[in-house]
Amino acid sequence: MSEIPSELNYTPDHAWVRRTGDNTVRVGITDYAQSALGDVVFVELPEVGADVTAGSEFGNVESTKSQSDLYAPITAKVVAINSDLADSPELVNSDPYGAGWLIDLEIGAETLEQDLVALLDADGYREVVEE
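Residues numbered from 1 in each chain as written. Predicted model: local features only at pLDDT ≥ 70, side-chain atom pairs only at ≥ 80, totals over all residues. Heavy atoms only, no water.

**Details of the layout of surface pockets**
Roughly 200 Å³ of volume is contained in the largest pocket. In terms of lining, the largest pocket is formed by 16 residues, of which the most central are Asp-13, His-14, Ala-33, Ser-68 and Asp-69. Within the residue set of the lining of the largest pocket, elements represented by two or more residues are β3 (24-29), α1 (31-37), β6 (57-63) and β7 (67-71). Broken down by class, the residue content of the lining of the largest pocket amounts to 11 nonpolar, three polar and two charged. (1 Å grid on protein atoms, 1.4 Å probe; cavity = no way out; pocket = protein on both sides within 12 Å on 5 of 7 lines; lining within 4 Å. Points joined across faces, edges and corners; volume = space filled by probe spheres on them. Helix = DSSP H or I, 4+ residues; strand = E, 2+ residues; numbered from the N terminus. Nonpolar A, V, L, I, M, F, W, Y, C, P; charged D, E, K, R; others polar.)

Rendered as structure tokens:
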């Protein structure tokens, strides 16, 4: 059974979102996703300052088994990327909710509330992975 922390929000395509400030969130892939991918060997992320659109591709993860696109959970600006993944992509496997995070996004606080409500909670995501 995959770990699904209750304090996070989720997308049906296996991204997690953690609110980190009034108008910022951190994004990564779930324990379920990293397990399905297998050993991650490369992570491609956008540039800091790039705009991402909810539902659109912003990068990809390559593993020994496959390559998987990453989709933005919300429309926002990239304010940080996890540069540790360049040398240690396996962090996505070993600590998907911690050191294996992907990007930080910034958005207007009033819009962020609406965006987070539109995402899945832990119970909703659990239903997705148990189907």
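There's plenty left to go through after this.
**Quick look at the nonpolar core**
Note on soluble globular proteins: their nonpolar side chains tend to be buried together. Counting 27 residues, the largest nonpolar core has Val-25, Val-43, Leu-45, Phe-58, Leu-102 and Leu-105 as the members making the most contacts within it. Elements supplying a minimum of two residues to this core: β2 (15-19), β3, α1, β4 (40-44), β6, β8 (76-81), β9 (103-106) and α4 (109-118). Per element, the largest residue contribution to this core is three residues, and it comes from β3. Contacts of Leu-45, omitting those with residues within four sequence positions, involve Phe-58, Leu-70, Ile-81, Asn-82, Leu-85, Leu-102 and Ile-103. Counting nine residues, the second-largest nonpolar core is a separate cluster that includes Ile-4, Tyr-10, Trp-16 and Trp-101. (Core = buried A, V, L, I, M, F, W, Y, C linked by side-chain atoms within 4.5 Å. Buried < 20%, exposed > 50% of the residue type's maximum accessible area, 1.4 Å probe, protein only. Contact = heavy atoms within 4.5 Å.)

**A closer look at the sheet that holds β6**
Pairing in this open sheet of three strands is antiparallel, and the strands run β4-β6-β7 from one edge to the other. Each end of this open sheet is capped by a strand with a single partner; those strands are β4 and β7. Neighbour-to-neighbour, the strand axes of the sheet open up by a mean angle of 20°, direction not taken into account. In the sheet, β4 pairs with β6 via four bridges, with the strands oriented antiparallel. (Pairing = 2+ DSSP bridges. Axes fitted to C-alpha atoms, helices over the stretch in contact; angles between N-to-C directions.)

**Focus on the packing of aromatic side chains**
Enumeration over the complete set of coordinates arrives at two aromatic pairs. Judged by centre distance (6.0 Å) and plane angle (50°), the rings of Trp-16 and Tyr-97 are tilted. One end of the pair, Trp-16, is in strand β2; the other, Tyr-97, is in the loop between α3 (91-94) and β9, and 81 residues separate them in sequence. Here Trp-16 matches Tyr-97 in class, with each residue buried. Above the face of the Trp-101 ring, Arg-26 is positioned so that its terminal group lies 3.7 Å from the ring centre. (Phe/Tyr/Trp six-rings, centres within 6.5 Å; stacked < 30°, edge-to-face > 60°. Lys NZ or Arg CZ within 6 Å of the ring centre and 35° of its normal.)

**Examining the environment of Leu-116**
Within the secondary structure layout, Leu-116 lies in helix α4. Separated by 50 residues in sequence, Leu-116 and Ser-66 have C-alpha atoms that sit 29 Å apart. Those residues in contact with Leu-116, other than ones at most four positions away along the chain, are Asn-9, Val-17, Arg-19 and Val-25.

**As for helix α5 (residues 122-130)**
Taken together, the buried positions of α5 are Ala-122, Gly-124, Tyr-125 and Val-129. Along the axis of α5, the buried positions cluster into a sector of 160°, meaning they face one direction only. Of the exposed residues in α5, those oriented more than 90 degrees away from the buried face are Glu-127 and Glu-130. In this fold, the buried residues of α5 make contact with β1 (9-10) and α1. (Arc of directions from axis to C-beta.)

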